[in-house]
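Structure at a glance
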Amino acid sequence: MSEPAFIDVLSQAEIDAIEIEVAHLPDRPSAAIDALLIVQKHRGWVSDESLAAIARLLGMSAADLDSIATFYNLIYRKPVGRHVVMVCDSVSCYVMGGESLMMRIRRHLGIEPGETTEDGRYTLLPCVCLGACDRAPVIMVDDQLAGPLAESDVEDVLGAFE
Amino acid sequence: MSERPLTERIDAAGGFVDGGRYEEMGGYVAARQAVTSMTPQEVCGLVKDANLRGRGGAGFPTGVKWGFVPDVPGRKYLVCNADEMEPGTFKDRYLMENDPHLLVEGMIIAAYAIGADRAYVFLRGEYHESYRALTAAIGEAHANGCLGESVFGTTYALELAVHRSGGRYICGEETALLNALEGKRAQPRTKPPFPPASGAWGRPTIVNNVETLCNVPAIIRRGAEWYQSLGLGEDSGTKIYGVSGRVKRPGLWELPMGTPIREIIEQHAGGMCDGYRLRGLLPGGASTDFLVEEHLDLAMEYGAIQAAGSRMGTGTMILMDDHVCPVDMARNLQHFFAQESCGFCTPCREGLPWVEQLLLDIEEGRGTAEDLELLDHNAAFIGAPGNTFCLHATGAIEPLMSALKYFREDFEAHIREHGCPYRSGPGSAAEADDGAN
Ligand SMILES: Cc1cc2nc3c(=O)[nH]c(=O)nc-3n(C[C@H](O)[C@H](O)[C@H](O)COP(=O)(O)O)c2cc1C
Ligand code: SF4
């Protein structure tokens with residue numbers, strides 16, 4: 001028996017987008033990761049309520065879905081800022097000065113990796129190789145790459161994200 | 001200028017190749033030819049004769065792999081591995097962003113050859129531009145009758161969709177990838193059964209890398225002999241080689257398979273930046289063994305690199321210059337592998353963080369001679385194939401073992417001098433890190 005109250009947590013736009021993914025797949029739980037990413041796209045992160053609603057929609061338990069959600073780097077189970085700043089800490093960027101770049105960004109934002117600025121504007125996360133090693137050191141803000149990034153560019157690049 | 005079947009359209013278009021441009025430049029001729037006038041066995045045979053080898057890292061012969069798909073009724077899957085999370089690797093992104101139709105066409109031919117009626121691109125989540133390019137190209141291919149209920153007007157039907165990953169390196173391992181595709185945690189599966197027998201949702205499945213599949217259209221159009229003739233040595237075709245690190249022009253170049261390492265670094269990447277000297281390189285991504293100066297004249301092909309104790313891997317090399325501390329670079333690499341372990345088996349889940357900690361201790365001057373022995377022991381134990389459930393841990397140890405071999409003197413100097421000779425006091429990243437914590 002479905003409990004519509006739970007499903008109501010999701011917007012029609014979210015449900016429609018999830019159903020499009022379901023249509024490509026042999027069964028509903030297979031769309032778990034797609035559904036989590038879709039809801040996160042609309043809300044910035046996946047709350048317990050969203051998680052329960054997605055689980056209902058896909059016909060699986062919330063515990064199972066949470067074990068999936070927490071496995072993946074790009075699914076956020078905690079709120080994030082308006083912009084997510086991902087700084088590559090893998091080897092090509094490391095060779096090109098990625099650690100000092102990260103230091104510079106930490107100082108500029110006044111937060112540690114994993115934290116969000118008080119005004120809710122930025123969340124800072126280390127991330128693995130972004131596949132743009134010819135532009136190292138590189139960062140990604142939301143869905144935009146920036147690199148090669150000199151430490152002196154940090155303020156301008158981040159400032160563009162209101 | 002040698003032939004460049006993978007990137008010639010991108011060069012001619014000066015960047016992104018849209019659907020119209022792709023068709024004009026001979027696009028979908030190969031797929032149409034394969035689907036309308038060849039049997040699946042003929043397509044497999046041609047790819048086998050061409051000696052196309054997988055570009056995802058292992059170099060397995062593609063036509064041979066396709067031949068493992070059993071001739072049984074029912075659903076079969078083709079999955080393109082577009083996870084590309086091997087640090088230092090950026091070639092698949094280039095192909096997908098700039099010439100997405102080439103991948104779509106390669107997938108149509110491959111799917112037809114193995115009898116698949118469903119295909120997926122398993123795309124890493126951070127590749128937003130690739131996602132836009134691929135979904136648009138798939139839409140166009142559908143509209144033009146290259147995909148869907150009746151491919152090129154035949155009875156062959158094929159659906160192609162993109163799955164975006166939630167992001168974990170282990171998703172690139174093909175059986176973990178299949179679990180992720182099924183919406184599960186990306187833990188590797190027991191082999192056998194291998195995916196060609198039982199893969200996605202328990203059905204026969206072929207997983208191939210992006211670059212591998214992009215090679216297929218030209219093989220169909222121009223034949224196995226032509227394809228073989230492109231390679232300089234024993235391997236066929238061209239390869240997208242890449243260089244990152246302190247060179248004048250980091251980048252990617254499609255070159256004949258077997259181009260010497262030195263030519264790639266000096267001619268194409270413009271050589272080292274002024275004031276930097278090359279000390280070592282990881283030839284094919286983070287999970288390959290270091291090579292050093294004496295290896296520079298080797299051909300970048302599977303056999304030659306393997307004979308030198310490394311692997312060609314993804315063919316995108318990462319250079320270590322003389323300003324980089326080998327101990328700290330090894331620590332950076334192990335940090336990645338420890339973090340990305342799926343956690344399923346003990347030597348990998350517990351061993352890699354231990355190795356990372358030992359490296360950090362040595363780097364920061366707390367290391368002892370016993371720590372170095374422990375590092376040797378752990379590396380040998382964790383890296384031995386068969387001690388872990390999948391090749392993640394084996395790959396993790398490759399750069400470490402070789403660093404311990406080629407840069408031994410650096411490890412010993414750290415222990416002797418109780419610190420890192422490369423760090424010149426305050427201002428270095430580690431010092432700053434400590435200060436902030
Ligand atoms: C830990 C690990 C990560 C891998 N990551 C990738 C990857 O990101 N992309 C890829 O194509 N192959 C990757 N592979 C190799 C795949 O398992 C598989 O061999 C490959 O996709 C087969 O395609 P190919 O035969 O066309 O090379 C990885 C393997 C391991 C063990
Ligand atoms: S070797 Fe590592 S990644 Fe592979 S199964 Fe074991 S824990 Fe998971």
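About the criteria used
Residues numbered from 1 in each chain as written. Chains lettered and ligands numbered in written order. Predicted model: local features only at pLDDT ≥ 70, side-chain atom pairs only at ≥ 80, totals over all residues. Heavy atoms only, no water. Helix = DSSP H or I, 4+ residues; strand = E, 2+ residues; numbered from the N terminus. Rg over C-alpha atoms; globule rule 2.2 N^0.38 Å. Buried < 20%, exposed > 50% of the residue type's maximum accessible area, 1.4 Å probe, protein only. Areas by Shrake-Rupley, 256 points an atom, 1.4 Å probe, with all protein chains shown as cover. Lys, Arg positive; Asp, Glu negative; His and termini not counted. Charge placed at Lys NZ, Arg CZ, Asp CG, Glu CD. Pairing = 2+ DSSP bridges. Axes fitted to C-alpha atoms, helices over the stretch in contact; angles between N-to-C directions. Domains from an automatic or database assignment. 1 Å grid on protein atoms, 1.4 Å probe; cavity = no way out; pocket = protein on both sides within 12 Å on 5 of 7 lines; lining within 4 Å. Points joined across faces, edges and corners; volume = space filled by probe spheres on them. Nonpolar A, V, L, I, M, F, W, Y, C, P; charged D, E, K, R; others polar. Buried area = accessible area lost by both parts, 1.4 Å probe. Salt bridge = Lys/Arg side-chain N within 4 Å of Asp/Glu carboxyl O. Polar contact = N/O pair within 3.5 Å; in protein donor to acceptor, adjacent residues only side chain to side chain. Near = heavy atom within 4 Å. Sits in = over half its atoms within 2 Å of the grid points. Parallel < 35°, antiparallel > 145°, perpendicular 65-115°, else oblique. Contact = heavy atoms within 4.5 Å. Expected span 1.5 Å × (residues − 1).

**A closer look at the overall build of chain B**
In terms of helices and strands, chain B carries 20 helices and 9 strands. Here the C-alpha radius of gyration of chain B, 22 Å, is about what a compact globule of 437 residues would show, namely 22 Å. Dimensions of chain B, computed from the C-alpha atoms along their principal axes, are close to 75 × 45 × 40 Å. By the burial criterion, 62% of the 437 residues in chain B qualify as buried. Surface accessibility of chain B: about 15600 Å² in total, with carbon and sulfur atoms responsible for 51%. Side chains of chain B give 39 positive and 59 negative charges; the mean places of these two sets differ by 5 Å.

**Structural notes on unusual backbone geometry**
Omega for the peptide link from G147(A) to P148(A) comes to -5°, which places this bond in the cis form. The step from P192(B) to P193(B) runs through a cis peptide bond, and the omega angle for that step is 5°. Among the structural elements, P193(B) can be located in the loop between α9 (174-181) and β4 (205-209). In the Ramachandran plot, N51(B) falls in the positive-phi region, its phi being about 60° despite a non-glycine side chain. Residue N51(B) is classed as partly exposed on the basis of its relative accessible area of 26%.

**Quick word on the sheet that holds strand β2 (residues 122-127) of chain A**
Residues and elements named next belong to chain A. The strand order across the open sheet built from 4 strands is β2-β1-β3-β4, with neighbouring strands paired in mixed fashion. At either margin of the open sheet sits one strand with a lone partner, and together these are β2 and β4 (144-146). With direction set aside, neighbouring strand axes in the sheet form an average angle of 25°. The pairing of strand β3 (residues 139-141) with β4 spans 3 bridges and is classified as antiparallel. Its bridge partner being in β4, V141 is matched across the sheet by Q144.

**Examining the domain arrangement of chain A**
Here the domain parsing of chain A yields domain 1 (5-71) and domain 2 (83-159). For domain 1 of chain A versus domain 2 of chain A, the separation of C-alpha centres amounts to 29 Å.

**Points about the layout of surface pockets**
Roughly 1100 Å³ of volume is contained in the second largest pocket. Lining the second largest pocket we find 35 residues, and of these L37(A), K41(A), G125(B), H128(B) and R164(B) sit closest to its centre. Secondary structure elements with two or more residues in the lining of the second largest pocket: α2 (12-23), α3 (32-43) and β1 (83-88) of chain A together with α8 (128-143) and β3 (159-164) of chain B. In the lining of the second largest pocket, the residues fall into 15 nonpolar, 11 polar and 9 charged.

**Points about the domain arrangement of chain B**
All names here are of chain B. Domains assigned within chain B are domain 1 (8-230), domain 2 (238-321) and domain 3 (326-436). At the boundary of domain 1 with domain 2, total buried surface from both sides reaches about 1500 Å², with 59% on carbon and sulfur atoms. Taken together, the links from domain 1 to domain 2 amount to 1 salt bridge. The residue K239 makes a salt bridge to E211 at a minimum N-O spacing of 2.8 Å. The interface formed by domain 1 and domain 2 contains 12 residue pairs in polar contact (both at pLDDT 80 or more). The biggest single contributor to the side of domain 1 that touches domain 2 is helix α6 (residues 91-98), with 3 residues. Per-class residue counts for the side of domain 1 that touches domain 2 are 7 nonpolar, 7 polar and 6 charged.

**Some remarks on empty space enclosed by the protein**
Applying the stated criterion to the full structure yields 3 cavities of 30 Å³ or more. Roughly 90 Å³ of volume is contained in the largest cavity. The residue inventory of the lining of the largest cavity, partitioned by class, reads 9 nonpolar, 4 polar and no charged.

**A word on the site of ligand 2**
Residues and elements named next belong to chain B. For ligand 2, the set of nearby residues contains 13 residues, the closest of which are C342, F344, C345, C348 and C390. Comparing atom positions with the cavity grids shows ligand 2 to sit within the largest cavity. For the shell around ligand 2, the per-class residue count stands at 9 nonpolar, 4 polar and no charged.

**Re the sheet that holds strand β6 (residues 251-256) of chain B**
All names here are of chain B. Strand order in this open sheet of 5 strands is β6-β5-β9-β7-β8, and the pairing throughout is mixed. Of all the strands in the sheet, just β6 and β8 (291-292) have a single pairing partner and so form its edges. In this sheet, β8 lies alongside strand β7 (residues 278-282) in antiparallel orientation, the contact comprising 2 bridges. Residue pairing for β8: G280 is matched across the bridge by V292.

**Let's talk about the packing of helix α15 (residues 326-340) of chain B against helix α18 (residues 391-406) of chain B**
Residue and element names in this part refer to chain B. At a minimum axis distance of 9 Å, the contact between α15 and α18 shows a crossing angle of 175°. One finds that α15 runs roughly antiparallel with respect to α18. In this structure, α15 contributes A330, L333, Q334, F337 and E340 to the contact, and α18 contributes H392, G395, A396, I397, P399 and L400. Class assignment for the residues of the contact of α15 with α18 results in 7 nonpolar, 3 polar and 1 charged.

**Section: helix α7 (residues 98-109) of chain A**
Residue and element names in this part refer to chain A. Its 12 residues place the ends of α7 16 Å apart at the C-alpha level, agreeing with the 16 Å of an ideal helix rising 1.5 Å per residue. Within α7, burial applies to G98, L101, M102, M103, I105, R106 and L109. G110, located one to two residues past α7, shows a positive phi value of around 70°.

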